[in-house]
Amino acid sequence: MKRQELAPAKVNLTLDVGARRPDGYHEVVSVMQSVALYDTVTMESGTGEGISLTCDDAAIPADGSNLAWRAAEVFFRTTGVACDGLHITLEKSIPSQAGLGGGSSDAAAVLRGLRKLYAPELPMEALERMGMELGSDVPYCVRGGTVLVQGKGEQLLSLRALPECWFVVCKPQVSFSTAEMYRRLDEAGMAVHPDTRRMMDALQRRDLAEIFSQIGNVFEQVLPPGSEIFAIRDRLLTLGAGTACMSGSGSAVVGFFSQEEAARSSAAAMTEVPFVRCVGRG
């Protein structure tokens, strides 16, 4: 049997990071939003050959180090379902090392797909708990939508949906090490923090202008002053974005627009960036 799942990218509307925990994770407070930029994950069961994986991007590992492969292992081990052979095919559209959660979303798509193939009675919360074994973004990616994420990623609270708006996602050539970005945060000590509570209130009121005004990411504070991230952000603002911000630990920058036409016009003008997509909500 075959099952196909879309794996949407995520963007951070707010991202605040607290102290490093004894378990090595950091305390995180973030409002996350899925957007309509998708990888496609296809699962074929009953192959009789254990787990295997292929990907149309040669830079992505196609072995047991891939989060999608590891998600399948976690699913079969946790549920006790016997693996009768599973082949996973990844068709990548989300750029890697972008702060858009591509690998995490692929893993979440595998968990959702295997649930439908093997254990449809399994509650989604069980998949979210499995996701925590794989990475801090995976539980959110299992759920998707507009969600407050806290703790090390395991505390999820679904919020009122973000009003319709448009995103211009720009991924420059440069990439950042997530571990290095967290190290910089630990050393710097943040002076400015996003106001996640005000973001949640704005979402509840569906006040798009106020939502835009509360978008923020602490990781921007540890970028070098001359980083091209700031140049991309300023360019998007010049082109009419209501606001613009780096997603996750980078390096994708997202411009937020209230009107589709303005967003598409802006995306067409961002010729200096190698990867640009104009998308709606996921």
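With that settled, the discussion passes to unusual backbone geometry. In this structure, Ser251 follows Gly250 across a cis peptide bond, with omega equal to 10 degrees. Its place among the elements puts Ser251 in the loop between β9 (243-246) and β10 (253-257). Positive phi outside glycine occurs at Arg206, with the angle close to 55 degrees. Counting through the fold element by element, Arg206 comes out in the loop between α6 (196-205) and α7 (208-214).

This next bit is on empty space enclosed by the protein. For the structure on display, the rule yields 1 cavity of 30 Å³ or more. In this structure, the largest cavity encloses a volume near 30 Å³. Take the lining of the largest cavity: its biggest share by element is 3 residues, from strand β1 (residues 2-20).

Here we come to the pattern of salt bridges. With the rule as written, the count across this model stands at 19 salt bridges. Two residues, Lys152 and Asp23, come together in a salt bridge whose shortest N-O distance is 3.6 Å. Placement of Lys152 in the loop between β5 (146-151) and β6 (155-158) and of Asp23 in the loop between β1 and β2 (26-45) is noted, with a sequence separation of 129 residues between them. A single salt-bridge network, built from bridges that share partners, covers Arg3, Glu5, Arg112 and Lys116.

Our focus in this paragraph is helix α3 (residues 124-132). What α3 keeps buried is the set Ala126, Leu127, Glu128, Met130, Gly131 and Met132. For α3, the secondary structure elements touched by its buried residues are α1 (67-79), α2 (102-118), α4 (138-143) and β6.

A word on the packing of aromatic side chains. Tallying each qualifying case throughout the model produces 6 aromatic pairs. Their ring planes at 45 degrees and their centres at 6.4 Å tell us that Phe75 and Tyr118 sit as a pair that is tilted. Placement of Phe75 in helix α1 and of Tyr118 in helix α2 is noted, with a sequence separation of 43 residues between them. With respect to burial, Phe75 and Tyr118 carry one shared label: buried.

What counts, and where the lines are drawn
- Residues numbered from 1 in each chain as written.
- Predicted model: local features only at pLDDT ≥ 70, side-chain atom pairs only at ≥ 80, totals over all residues.
- Heavy atoms only, no water.
- Helix = DSSP H or I, 4+ residues; strand = E, 2+ residues; numbered from the N terminus.
- 1 Å grid on protein atoms, 1.4 Å probe; cavity = no way out; pocket = protein on both sides within 12 Å on 5 of 7 lines; lining within 4 Å.
- Points joined across faces, edges and corners; volume = space filled by probe spheres on them.
- Salt bridge = Lys/Arg side-chain N within 4 Å of Asp/Glu carboxyl O.
- Buried < 20%, exposed > 50% of the residue type's maximum accessible area, 1.4 Å probe, protein only.
- Contact = heavy atoms within 4.5 Å.
- Phe/Tyr/Trp six-rings, centres within 6.5 Å; stacked < 30°, edge-to-face > 60°.

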